[in-house]
Amino acid sequence: MTATQTPPTEQPKTASDAGARPYATVNPFTGQTEKEFPFLETSEIDGVIERAHVAWQEWRRRPVEERAAVVGRAAELINERRDQLAALITKEMGKRIEEAAGELMLAAMILDYYAKNGPRFLEPKQIEVMKGEAIVENEPIGVILAIEPWNYPFYQVVRVAGPNLVLGNTILLKHAELNPQCALAIEELFRDAGALEGVYTNLFLKIPDVERVIADPRVQGVTLTGSERAGSSVASLAGKYLKKSVLELGGSDPFIVLDAENLGATVKAATMGRMQNSGQACIAAKRLIVHEDIYEPFVEGLKQAFSTFSPGDPADPSTTLAPLSSERAAADLHAQIQDAIDKGATVVHGGGRPDHPGAFVEPTILTDVTPEMRAYNEELFGPAAVVYKVRDEEEAIELANSTEFGLGAAVFSSDVERARAVAGRIDAGMVWINQPTGSFPELPFGGTKRSGYGRELSELGMFEFANRRLIRVFPGKKADKPQAG
């Protein structure tokens, strides 16, 4: 940090927090506000929705191969612009430059996956019937509102955009207030890839105007990745106006270690699962549940691994610990950690804010966390792990399921069949065995309980906002031939 740089300033999470503050690029490493963007005027919303609706009427009639080609070209453009886009991600939300490039690689893979496989997924399906024919056709339903978060500003968006644009829906995107330049860059990608005007539109939307968009009869669905509070609000509005909704609301994912033939590899996996993206991932390993036989060496190994992280400029490839997305995010996480410490938790490593400019929190390991502490029930969105000791797999399963969340989970054991049996009893949308929970285009992504509902990615992601229309055909009686007059 140079002498001319200012200390970080608190950044609001939502428009309502800010009192209608514009979208802004606030660099979480320097604290500087680099660029601001005005909100979309309420009076302009109807016109934007109308353009998306008109575009849908044309887009849906384009051959699916043509729509897929546009999505495939967007994938190519991400790869061509990767360096530029990665720098933008790092500037706006503080992601390490190497991880930003990795996010873009995954985003391109998702778009390419739907470009290549979407037309096949959408082919009509025959249902075997006793008489005649039954066919299920897959049709787009219209304009979809997507409300997306800051932690993976490209990956989260293409999870929605890829399948829906191939299907024939059109997208209105309300991105996080932290990522205005990323939001504009994504809109530019689809425009440059050949999407019609109105097919994909970025909205710098005020929070109070979200209801206006959902309520509009031309908008047929809404999807959100975000907090429980935001999900509850959007689900309520979707129900009020009878719109289909999909929600991904984060989690408190268990990482269960039953045994360890190679303890070092397991500790490395736990470290990666917890520390990726500075711990700001919905599917990060947040609760490490370890069998008592290996608990002490596991905790010691984790401590050594966490001690290798040190804060630095996320644009520098040598940096090992990036800042959190904002000073407010760092302060909120530190408050959760301090609450646990004040109520008796043991700090194995970290626990504070490093003496370094930027929105940093020390990589933290807590043990002896109990239900009255916030860290027991709340999602810790940052570089903080809670480690629990259990006597057997029954206790591990009970602890893993003792949360209102149910997004992802991981089970580690040298006995794969044992791990599979445990995985089958975990209340989660995704359970990975001997690997931290991850995401790939061909795998369905989503959760249960308060982690939301619906699925993105894979073939399942094509149909959340599709009209799966049944055509039932019975043999008809042939008309009599006309008689000569």
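Owing to the predicted nature of the structure, the values given are computational and were not obtained by experimental measurement.

Trainee: Is there a simple way to explain the sheet that holds strand β8 (residues 219-225) in this structure?
Mentor: Two modes of strand pairing occur in sheets, parallel and antiparallel, and in both the strands are linked by backbone hydrogen bonds. Read across the sheet, 6 strands follow the order β7-β6-β5-β8-β9-β17 without closing on themselves; strand pairing throughout is mixed. Every interior strand has two partners, whereas the edge strands, β7 (200-202) and β17 (452-453), have only one. Strand direction decides the pairing type here: strand β9 (residues 244-248) and β17, joined by 2 bridges, are antiparallel. Looking at β17, one finds that E248 is bridged to G452. Against the sheet, helix α6 (residues 155-167) engages β5 (143-147), β6 (170-174), β7, β8 and β9, with an angle of about 165° to β6.

Trainee: Just to check I follow, could you spell out unusual backbone geometry for this structure?
Mentor: When glycine is set aside, most residues are seen to have a negative phi, and most peptide bonds are trans. One non-glycine residue, D368, lies in positive phi territory at about 55°. Take D368: it is sitting in the loop between β13 (364-367) and α13 (374-377).

Trainee: Even after reading the chapter, I still don't get the nonpolar core, so can you show me in this structure?
Mentor: Across soluble globular proteins, nonpolar side chains show a tendency to be buried alongside one another. L111, F154, L165, V166, F190, Y200 and M462 are the most contacted members of the largest nonpolar core, which has 68 residues in total. With 12 residues, the single largest contributor to this core is helix α5 (residues 97-121). Beyond its immediate chain neighbours, meaning those up to four positions away, L111 contacts V71, A74, A75, I78, V158, G162 and F190. Formed by 32 residues, the second largest nonpolar core is a distinct cluster that contains I337, A345, V390 and A409.

Trainee: I would appreciate a short explanation of the pattern of salt bridges in the present structure.
Mentor: When charged atoms on two side chains of opposite charge get close, those side chains can pair. Under the criterion given, the structure shown has 30 salt bridges. For R62, the salt bridge goes to E58, with nearest N and O atoms at 2.8 Å. Looking at R62, the relative accessible area reads 23%, which means it is partly exposed. Judged by its relative accessible area of 32%, E58 is partly exposed. Between E211 and K240 there is a salt bridge whose closest N-O contact spans 3.1 Å.

Trainee: In this structure, what is going on with helix α4 (residues 82-93)? I would like to understand it.
Mentor: Spacing of three or four residues puts side chains on the same side of an α-helix, whose turn is 3.6 residues. The end-to-end C-alpha separation of α4 is 16 Å, in line with the 16 Å expected for 12 residues at 1.5 Å each. Among all positions of α4, only L85, A86, L88, I89, T90, E92 and M93 are buried. Looking at the buried residues of α4, the elements they touch are β1 (23-26), α3 (64-80), α5 and α7 (180-193).

Trainee: It is not clear to me how the packing of aromatic side chains should be interpreted in this structure. Could you clarify?
Mentor: Remark: the centre distance and the inter-plane angle together describe each pair of aromatic rings, the angle taken between the planes. Summed over the entire model, instances satisfying the criterion amount to 13 aromatic pairs. Consider the rings of Y113 and Y114, whose centres lie 5.1 Å apart with planes at 80°: the pair is edge-to-face. Y114 carries the same exposure label as Y113, and that label is buried. Summarising the aromatic geometry, the rings of W432 and F440 are spaced 6.2 Å apart at their centres and angled 20° between planes, so their arrangement reads as stacked. By relative accessible area, which is 17% here, W432 ends up buried. Accessibility expressed as a relative area gives 38% for F440, which makes it partly exposed. Connected via pairs of aromatic rings, a cluster forms that spans Y23, F37, F39 and F204. Seen from the ring of Y152, K95 lies directly overhead, with NZ or CZ sitting 3.9 Å from the centre. A cation sits over an aromatic face here: R159 above F445, 4.3 Å from the ring centre.

Analysis parameters
Residues numbered from 1 in each chain as written. Predicted model: local features only at pLDDT ≥ 70, side-chain atom pairs only at ≥ 80, totals over all residues. Heavy atoms only, no water. Pairing = 2+ DSSP bridges. Helix = DSSP H or I, 4+ residues; strand = E, 2+ residues; numbered from the N terminus. Contact = heavy atoms within 4.5 Å. Axes fitted to C-alpha atoms, helices over the stretch in contact; angles between N-to-C directions. Core = buried A, V, L, I, M, F, W, Y, C linked by side-chain atoms within 4.5 Å. Buried < 20%, exposed > 50% of the residue type's maximum accessible area, 1.4 Å probe, protein only. Salt bridge = Lys/Arg side-chain N within 4 Å of Asp/Glu carboxyl O. Expected span 1.5 Å × (residues − 1). Phe/Tyr/Trp six-rings, centres within 6.5 Å; stacked < 30°, edge-to-face > 60°. Lys NZ or Arg CZ within 6 Å of the ring centre and 35° of its normal.

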